[in-house]
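# Chains, contacts and geometry: an overview
Each chain is listed here by its residues.
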Amino acid sequence: MELNARIPSGPLAEKWDNHKFSAKLVNPANRRKFKVIVVGTGLAGAAASATLAEQGYKVSTFCIHDSPRRAHSIAAQGGINAAKNYQTDGDSVFRLFYDTIKGGDFRAREANVYRLAQVSNNIIDQCVAQGVPFAREYGGSLANRSFGGAQVSRTFYARGQTGQQLLLGAYSALSRQIHNGGVTMFNRREMMDLVVIDGQARGIITRNLINGNLESHWADAVLLCTGGYGNVYFLSTNAMASNVTAAWRAYKHGAGFANPSFVQIHPTCIPVHGDYQSKLTLMSESLRNDGRVWVPKNKGDKRKPADIPEEERDYYLENKYPSFGNLVPRDVASRNAKEQCDQGKGVGSTGLAVYLDFADAIKRDGEETILRKYGNLFQMYEKITDSSPLEEPMTIYPAVHYTMGGLWVDYNLMTTIPGLFALGECNFSDHGANRLGASALMQGLADGYFVIPTAIGNYFGESSIAPVNDSDEAFINAQQQVGDRLNKLLQNSSGGVGGKVTVDEIHKELGRLLWDNCGMARNKEGLEMALKKLPEIRQKFWDKVYIPGSGSDLNQTLERAGRVADFLEFGEIMIHDALNRAESCGCHLREESQTEENEAKRDDENYSYVSVWEYQGDDVEPKMHKEDLTFEYVTPSQRSYK
Amino acid sequence: MWLLRFSTSSIGKKILMASSGLLLILFLVAHAAGNAAIFFGSNAFQTYADTLHSLPVVVFVFGVGLFAVLIVHIFIGIQLFLQNRKETASRYAVSTKVCENTLASSTMPYTGLLLLLFLLVHVFGFGVNPTDTKVSVLVVNLLGNFFYGLFYLFSFCVLAVHLSHGFWSMLQTFGFNHPRYNDGIMKITYIVPGFFLVFFGAITLYFMTGLGANY
Amino acid sequence: MSNIDLTLQIWRQKNSDALGKLETYTLDKISTDMSFLEMLDVLNEKLTMEGIEPVAFDHDCREGICGMCGAVINGVAHGPEKETTLCQLHMRHFKTGDVLVIEPFRSRAFPIKKDLVVDRSAFDKIIQAGGYVSVNTGGTPDGNAIPISSHIAELAMDAAACIGCGACVASCPNGAAMLFTSAKISQLCLLPQGHAERKKRALSMVETMDKEGFGNCTNLRECEAVCPKSISIRNIARLNREFVRAAFSEG
């Protein structure tokens, strides 16, 4: 596997412009001859579909939901970053670039991140023109806030629903192209496999989720905009349908998978309340601006929070990190919460939660002020937990939130399979080992609106693409294999239930294994154990999983089973990757790699690279390749929050 | 044609319903103003009626106009009723209304039909007049009949119910909905039907109770 | 936290063509901390282990924003709690012995696909007819080029909060989609960006709405009452104005 990042020449600030000039173009009249498949309709997918159709390409877009408007980008609350510097508080493209690289703990590519910062400004203009109702100042100019501990106010927002509004903006642009005939939309389709012909990505096999039909679709290029794989942990803040299947199929056809163990764990989620729980709900990080995090000093203290006197409370973040206190970065806050709970000081019925207390803030600022800032969050919390944060402290616990790892792509967002592109959370490119708040939306839209048009034109311009057809042998074979796999999933179901397991039971078992051993803190021993345990779970799944119903019908259990089957394979490269990376970095702590003060210790000497995994065959250990990261414009520094 | 497209679109039909409703309310206001003469004695009332009839062109134009408006209101009303019934026809095993003010709003077609019945009775009673009885006498004869009067009272109640949704609904359809004025609009919504109920009801009661026996 | 025992009557229908009927299931020891959909998950796990096909229902984000979930619980779309999607409805609002009748969102424009799953693509068609500002990617003016008062931005945001779940249609006795359509039209007619094509938009979105088989609005307000995002019928009033203005002056 050759990892050529194809970073354009020239100084950092000129690379993107140089690239746009040197990239091959496709004559507007010729564009309609090229067919592009877009899988997924989140920010990246909807934006790419709309933009490519506007430019004249023939686009077929696929989504797993009943409507392209449902993709999980919709759930992002906080906002979107851009280097507009409207507040004149010292922001610039370079600062956004620097913050993103540093936030990613120096594990991302300079050129990509710089381009991201550059196009961030275009994104805001584009969204405003589409009618996205961003928050405004009284004078009518766009409002900004500081987010996730950033030193400048560069985050644009639309109440607590920024993701929704940006997605609806992209969805409306997509809808316009569907109306104009530029995009053919396929709803309720799941991508089951990628079709590669002569080394080029030439199409996909989909399953119509309503009637179970398998369909072949050919194209000249395939764009995967299929999001992240956080659901491998079963419990995450991801939507229920989020999965790794599309990316995993690509991997099995030879696309490199980069940094699969880089997973972001968000510190302020509503804790798990029972084993029936299906997903976790995130609450905005801004709560930590006023809330104080604490646990009882004594292990197993089951008293009500109000009955625990001040001297028996441990405000562990404030004590450990006096200068940042409760505002330490996400990974530090998450790790410490887990540490406290592991020591037996966790609160709540499960012991897997810590308090986030607003009592002091209410005393200081008054109830009204606090409600004005966090009213809707308090309401949401109360709706779910039936407890008012005004009366007793909130309970919070970390949860899997975002996956920085993904398909390896070059500067043009192309994977190691020519003609296969990965956009948004599906790729690995911009966030290194940790993503800054309000940057996910930025990346999805940057890839979709501004990066992919140049990249696609360049690919079509420089490659020779032979004509293919849905009825070619490659498609027939691929469809056959997909059908066989579905039948294999259903094979245990013919004889009835007796002693069998459900899809969710297996998924929970997998999730628990990864959360315990490949979560925010890892060690060699645990990872090796997990690597041994995983094939056993996988075997159990294939031997015993029971799926009622048939494959020729709407069958949600079968859909889930297919996704879990892929997670069961994918988990393995996650663990391999975590095992290989014997340094603490970004969101994860490798227990063997700590400073004397028990803080994460990054190892630039040995691990300043992207680890890219190549498929070698089922039951064969994947092969790791390295893309070395070089930093010309920033100097990697060790983070310190003491 | 744009007008046809407009009047067959769902919002166009709403607008026509509201506009014809508004005209009917205005007619009721004029009717009420004319009938106010009743309270000034039988001569005053008869004079008003005779004056009106001495202007056949005016009566004809208003009559035809009113008829047209009524036809539009009834025709579209029935069309909406039939179209919507396709949807409503016991969709859910359990049906629950979440909203208040549903008696009036969900019975609009029925109260409308009752009002049509009343209209026919009223027109046949007062309009078709083969014996050439003076209207000031006719009113005593007809409304002096207890059951006839009771039917009138009942119909005015129906009118009030119809208007208690209709008037607000008309304003909403015309696009009047603003938080600053909505409280006021809600009040007018009860004042308008209340006024008609009290006014027309008073005329009926005046004759029913025998107060107007010597009219 | 406590547990409750429930009787569920759920609409089961194999596919669009099949006839459906209500089936009764009992569920014991349901934790009141569960969400409604988690309760259905528990039911489905139970049904699966009994060899019965689980109840198909749409859901995704489970945090009340994607608009994918929805069913009619005892006659009320999204259940008894106000401003709440089904996924955010918790079982503490029910008690032991309750009988819950769970039916899909019904409307002529929303054909049932299976059990509680309906096809809401008619909503997409309405948006495709004009629920956008016709700008291509790139070449847009600076975000601050047009000042928009914060009041207008807030009003537009009120309307834009629609999640497209379809509860308005499901609860409207006439099956009208006015609240949905008006929310998008309001957002775009309030903001200056949407002014250029406001007339064309109003006409073509309403035309599509009618064509897709939605009913006529008769101002019954049920939509507003069940809307999980409290979209106001003020938007419908605004749509009426937009439509009339467009119908009488377009072209």
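Residues numbered from 1 in each chain as written. Chains lettered and ligands numbered in written order. Predicted model: local features only at pLDDT ≥ 70, side-chain atom pairs only at ≥ 80, totals over all residues. Heavy atoms only, no water.

### What to know about the overall build of chain A
Which entries qualify depends on this criterion: Put simply, DSSP marks the helices as runs of H or I at least four residues long and the strands as runs of E at least two long, and each gets a number from the N terminus on. The globule rule is 2.2 Å times the number of residues to the power 0.38, and the radius of gyration it is compared with is taken over C-alpha atoms. The contact criterion used throughout is that any non-hydrogen atoms of two residues lie within 4.5 Å. Surface accessibility follows the Shrake-Rupley procedure with a 1.4 Å probe radius. Residue values consider only the protein chains on display as shielding. Charged residues are defined narrowly, with Lys and Arg counted positive, Asp and Glu counted negative, and His plus the chain ends left uncounted. By convention, the charge on Lys lies at NZ, on Arg at CZ, on Asp at CG and on Glu at CD.
Scanning chain A from terminus to terminus reveals 15 helices and 21 strands. The C-alpha atoms of chain A give 24 Å as radius of gyration, which agrees with the globular expectation for 642 residues (26 Å, within 12%). Principal axes of the C-alpha set define a box for chain A whose edges measure 75 × 65 × 50 Å. Here the analysis covers contacts within chain A between residues at least 6 apart in sequence; of these, 73% occur between residues at least 24 apart. Put simply, chain A shows about 21,900 Å² of open surface, and 46% of that area lies on carbon and sulfur atoms. One way to put it: in chain A the 70 positive side-chain charges average out to a point 3 Å from where the 78 negative ones average out.

### Thoughts on the sheet that holds strand β13 (residues 313-314) of chain A
Either a parallel or an antiparallel arrangement is found when strands of a sheet pair, and the pairing is made through backbone hydrogen bonds. Residue and element names in this part refer to chain A. Cut-off, in case you're wondering: A pair of strands counts as paired when DSSP detects no fewer than two bridges linking them.
Taken in spatial order, the five strands make up an open sheet running β11-β15-β14-β12-β13, and their pairing is antiparallel. For this open sheet the edge positions go to β11 (263-269) and β13, each flanked by a neighbour on one side alone. When strand β12 (residues 292-296) meets β13, the two strands line up antiparallel, connected through two bridges. Looking across to β13, one finds that Val295 is bridged to Asp314.

### Some remarks on the side chain of Glu103(C)
Put simply, the rule is: Between buried and exposed lies partly exposed: a residue is buried under 20% and exposed over 50% of the maximum accessible area for its type, with that area taken using a 1.4 Å probe on protein chains only. Polar contacts, as used here, are pairs of N or O atoms within 3.5 Å; protein pairs need one atom able to donate a hydrogen and one able to accept it. Residues neighboring in sequence count only if both atoms are side-chain atoms.
When you line up the elements, Glu103(C) lands in strand β5 (residues 99-103). A relative accessible area of 1% places Glu103(C) in the buried class. Here the side chain of Glu103(C) touches Ala93(B) through a polar contact of 2.9 Å, landing on its backbone nitrogen. Those residues in contact with Glu103(C), other than ones at most four positions away along the chain, are Arg91(B), Tyr92(B), Ala93(B), Val94(B), Trp11(C), Leu22(C), Ala71(C), Val72(C) and Leu116(C).

### So, the domain arrangement of chain A
Residue and element names in this part refer to chain A. To be explicit about the condition: The source of the domain bounds is an automatic or database domain assignment. Once two parts are joined, some of their accessible surface, as seen by a 1.4 Å probe, is lost; buried area is that loss totalled over both. Take a side-chain nitrogen of Lys or Arg and a carboxyl oxygen of Asp or Glu: if they are within 4 Å of each other, that pair is a salt bridge.
Parsing chain A into structural domains produces domain 1 (267-398) and domain 2 (473-597). For domain 1 and domain 2, the distance between their C-alpha centroids amounts to 32 Å. Contacts between domain 1 and domain 2 engage eight residues on the former and seven residues on the latter. Summing both partners gives a buried area of about 680 Å² for domain 1 against domain 2, and 63% of it is carried by carbon and sulfur. On the domain 1 side of the contact with domain 2, Asp331, Arg335 and Lys338 bury the most area, a combined 63% of that side's loss. For the pair domain 1 and domain 2, the number of links is zero salt bridges. In this assembly, domain 1 and domain 2 are joined by one residue pair in polar contact (both at pLDDT 80 or more). Taken together, the elements giving at least two residues each to the side of domain 1 that touches domain 2 come down to α8 (330-342) and β15 (394-403).

### Thoughts on the nonpolar core
Under the convention used in this document: Each nonpolar core is a collection of buried residues, namely Ala, Val, Leu, Ile, Met, Phe, Trp, Tyr and Cys, held together in the definition by side-chain atoms within 4.5 Å.
By size, the foremost hydrophobic cluster in this structure holds 299 residues, and its most contacted members are Leu223(A), Phe421(A) and Phe36(C). When near neighbours in sequence (up to four residues on either side) are disregarded, Phe36(C) contacts Ile73(C), Leu86(C), Leu89(C), Met91(C), Phe94(C), Leu100(C) and Ile102(C).

### What to know about the interface of chain C and chain B
Test applied: Under the scheme applied here, ten amino acids are nonpolar (Ala, Val, Leu, Ile, Met, Phe, Trp, Tyr, Cys and Pro), four are charged (Asp, Glu, Lys and Arg), and all others, including Gly, are polar.
Residue-level contacts link 46 residues of chain C with 37 residues of chain B. Summing both sides of the interface, chain C and chain B together bury roughly 3,500 Å²; the carbon and sulfur share of this comes to 55%. The tally of links from chain C across to chain B stands at 21 residue pairs in polar contact (both at pLDDT 80 or more). Of all the secondary-structure elements, those providing two or more residues to the side of chain C that touches chain B are β5, α4 (167-171), α6 (198-211), α7 (222-226) and α8 (234-249) of chain C. Of all the elements, α8(C) adds the most residues to the side of chain C that touches chain B, at ten residues. For the side of chain C that touches chain B, the class distribution of residues is 25 nonpolar, twelve polar and nine charged.

### Brief notes about the interface of chain C and chain A
Opposite the 77 residues of chain C that make contact, chain A presents 74 residues. At the boundary of chain C with chain A, total buried surface from both sides reaches about 6,400 Å², with 50% on carbon and sulfur atoms. In terms of surface lost to chain A, no three residues of chain C exceed Asp60(C), Thr137(C) and Met157(C), which account for 10% of the buried area on that side. For the interface between chain C and chain A, the tally reads nine salt bridges. When the shortest N-O distance is used, the salt bridge between Glu154(C) and Arg159(A) registers 2.9 Å. Run the count over chain C and chain A and you get 50 residue pairs in polar contact (both at pLDDT 80 or more). Listing elements by their share of the side of chain C that touches chain A, those giving two or more residues are α1 (36-49), β6 (112-114), β7 (117-118), α2 (121-128), α3 (150-160) and α5 (178-190) of chain C. Partitioned by chemical class, the residues of the side of chain C that touches chain A number 34 nonpolar, 23 polar and 20 charged.

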